[in-house]
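Understanding the architecture of this molecule
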Amino acid sequence: MRITDLLSKESIRLDGVSSTKKETIRAMADLMEKSGKISDKNAYVEGLIKREEESTTAVGEGIAIPHYKGSAVTKPGLAAMVIKNGTDLKLIFAIAAPDTKENVHLDVLSKLSVLLMDEDFSQKLINAKSVEEFISIIDDAETAKDNAESEQVTTSDKKILAVTG
């Protein structure tokens, strides 16, 4: 599953404002609700807050990835918010995963984390001028990563034969 499959235009906000952690979580829940992937916004908010109380979902460099897996989610989803004037957080992705055997949220968390380790990628997202550009940046980075991984597999399947005299 690709990250861009989980994002919808309605679930991305490029001009976010937030002063508290709970306010940020509620804003992310509002975005997720707009995408139509949760059935109970209050339960989703409570789930995100509970997860955040266990340990922070901030991953450093002004980035956080709060996530929730539970019955309040009808379909896997992703919401994103850029807080250009944020002091602690500048880029937030919230993950919503239905309560099923699959661990979609862990797959998405892993993929996102790898991409977000690239400061240039994160900065491009923060500076995106439109939602379409934001999605395009993610799509391009994910495609490049997939191609690089595919190339590694192809390369590692080759065998070398050395003949000496």
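So, here is what we can say about the structure in this document. (Residues numbered from 1 in each chain as written. Predicted model: local features only at pLDDT ≥ 70, side-chain atom pairs only at ≥ 80, totals over all residues. Heavy atoms only, no water.)

1. Brief notes about the overall build of the chain
In terms of regular secondary structure, the chain is built from 6 helices and 6 strands. Listed by position from the N terminus, the elements making up the chain come as α-β-α-α-β-β-β-β-β-α-α-α. Dimensions of the chain, computed from C-alpha atoms along their principal axes, come out at roughly 75 × 35 × 30 Å. For the chain, with 165 residues in total, the buried portion stands at 44%. Taking the intrachain contacts of the chain between residues at least 6 apart in sequence as the baseline, contacts between residues at least 24 apart amount to 69%. Surface exposure of the chain reaches about 9600 Å², of which carbon and sulfur atoms provide 50%. The centroid of the 22 positive side-chain charges in the chain is displaced by 2 Å from the centroid of its 28 negative side-chain charges. (Helix = DSSP H or I, 4+ residues; strand = E, 2+ residues; numbered from the N terminus. Buried < 20%, exposed > 50% of the residue type's maximum accessible area, 1.4 Å probe, protein only. Contact = heavy atoms within 4.5 Å. Areas by Shrake-Rupley, 256 points an atom, 1.4 Å probe, with all protein chains shown as cover. Lys, Arg positive; Asp, Glu negative; His and termini not counted. Charge placed at Lys NZ, Arg CZ, Asp CG, Glu CD.)

2. Quick notes on unusual backbone geometry
Positioned with a positive phi, glutamate 61 is a non-glycine residue whose angle comes to about 55 degrees. Its location among the elements puts glutamate 61 in the loop between strand S2 (58–60) and strand S3 (63–64). Among the residues examined, glutamate 61 registers a relative accessible area of 67% and is labelled exposed.

3. Digging into the side chain of histidine 67
Among the structural elements, histidine 67 can be located in strand S4 (residues 67–70). Polar contacts involving the side chain of histidine 67 include one to the side chain of arginine 51, which spans 3.2 Å. Polar side-chain contacts of histidine 67 include one of 2.9 Å to the backbone oxygen of isoleucine 65. Not counting residues up to four positions away in its chain, the partners in contact with histidine 67 are Leu48, Arg51, Thr57, Ile95, His105 and Leu109. (Polar contact = N/O pair within 3.5 Å; in protein donor to acceptor, adjacent residues only side chain to side chain.)

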